[in-house]
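# Coordinate analysis (summary)
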Amino acid sequence: MGPFVAFGSRFIVWRGAILGAVLASIRCHPSPTRAVNDPHITMTQRGAIMQTETLALLRRAEGVLSAYEGLDGLRATYPKIAPPTVYNALTALVETGRVHRIVSLKAYVACQCRDAHRKEPHLPSVFSICGMCGTVKERVAPQIVRDISSVVQQDGLTPRRHVVEVHGTCQTCAEDA
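## Regarding the pattern of salt bridges
Following the criterion strictly, the structure yields 1 salt bridge and no others. The closest approach of N and O atoms between D72 and R75, which form a salt bridge, is 4.0 Å.

## Structural notes on the pairing of strand β3 (residues 99–102)
Here 4 bridges tie β3 to strand β4 (residues 107–110), and the two strands are oriented antiparallel to one another. Residue pairing for β4: H100 is matched across the bridge by V109. From the end of β3 to the start of β4, which pair antiparallel, there are 4 residues, and K106 there has a positive phi angle of about 50°.

## Notes on helix α5 (residues 83–95)
Its 13 residues place the ends of α5 18 Å apart at the C-alpha level, agreeing with the 18 Å of an ideal helix rising 1.5 Å per residue. In this structure, the buried side of α5 is in contact with α3 (43–60), α4 (67–74), β3 and β4. Positive phi shows up at G97, right after α5, with a value of about 80°.

## Some remarks on the nonpolar core
Ranked by size, the top nonpolar core spans 18 residues in total, and within it L58, L74 and I81 carry the most contacts. Counting only elements with at least two residues in this core, the list comes to α3, α4, α5 and β4. When sequence neighbours within four positions are dropped, the list of residues in contact with L58 reads L65, L90, V99, Y108, V109 and A110. By size, the runner-up hydrophobic cluster in this structure holds 7 residues, among which are A107, F127, I129 and V136.

So, how was this worked out
- Residues numbered from 1 in each chain as written.
- Predicted model: local features only at pLDDT ≥ 70, side-chain atom pairs only at ≥ 80, totals over all residues.
- Heavy atoms only, no water.
- Salt bridge = Lys/Arg side-chain N within 4 Å of Asp/Glu carboxyl O.
- Pairing = 2+ DSSP bridges.
- Helix = DSSP H or I, 4+ residues; strand = E, 2+ residues; numbered from the N terminus.
- Expected span 1.5 Å × (residues − 1).
- Contact = heavy atoms within 4.5 Å.
- Core = buried A, V, L, I, M, F, W, Y, C linked by side-chain atoms within 4.5 Å.
- Buried < 20%, exposed > 50% of the residue type's maximum accessible area, 1.4 Å probe, protein only.

Put into C-alpha cells, the structure is as follows:
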C-alpha cells in the first residue's frame, strides 16, 4: 500500500518514510522556503516540512505558544503562510503526541516526556502551569490518571481522553515574590 495509509482526506505517516523523503529533499534546497515551493514536492511532504518547522519553533520557545504566535514565528521563513497551515501542522503533531495542547491557555507546548511517550504513545500527561511566569512542566503520572478514571467511572462515564492541568506558582516565582 505504499509508505503511508490513506485515512479519509488525511495521510498517516508510516514508519517515518515520508519524513525521511522530506528531509532528503530539504537537504537538496538552500532554504526551507524553496523546498516548500518546489513543484516536485507533494502536499504530504509540504505538510511534513511544516510539522518539522512548527515542532522546532515550539522546542525553541520559552513556554507555550498559541497558534497565532506560532504563525508569527514561522512568518520570518514563510512570509505567505496562512493560519490553516499552522493549525494543520499542530493538529498532526498533537495526534502523533509530539506536541500537547494546553486547553486552559489555548496554546501548545512541545512534548517534554518523549522517552515515556515512546514506550506508551498515548500515556496522558499532567501539566504544571505557573500563573506568574507562564512556565509549563510536563510529567507522566499514570496512577493519577487511573484514579481520575476510577472516580468518573463511578458516575457511569467512560473516559476517552484525559487533560490534567494544574495552575499555581512555580518555585522560582514563589522565591522572587
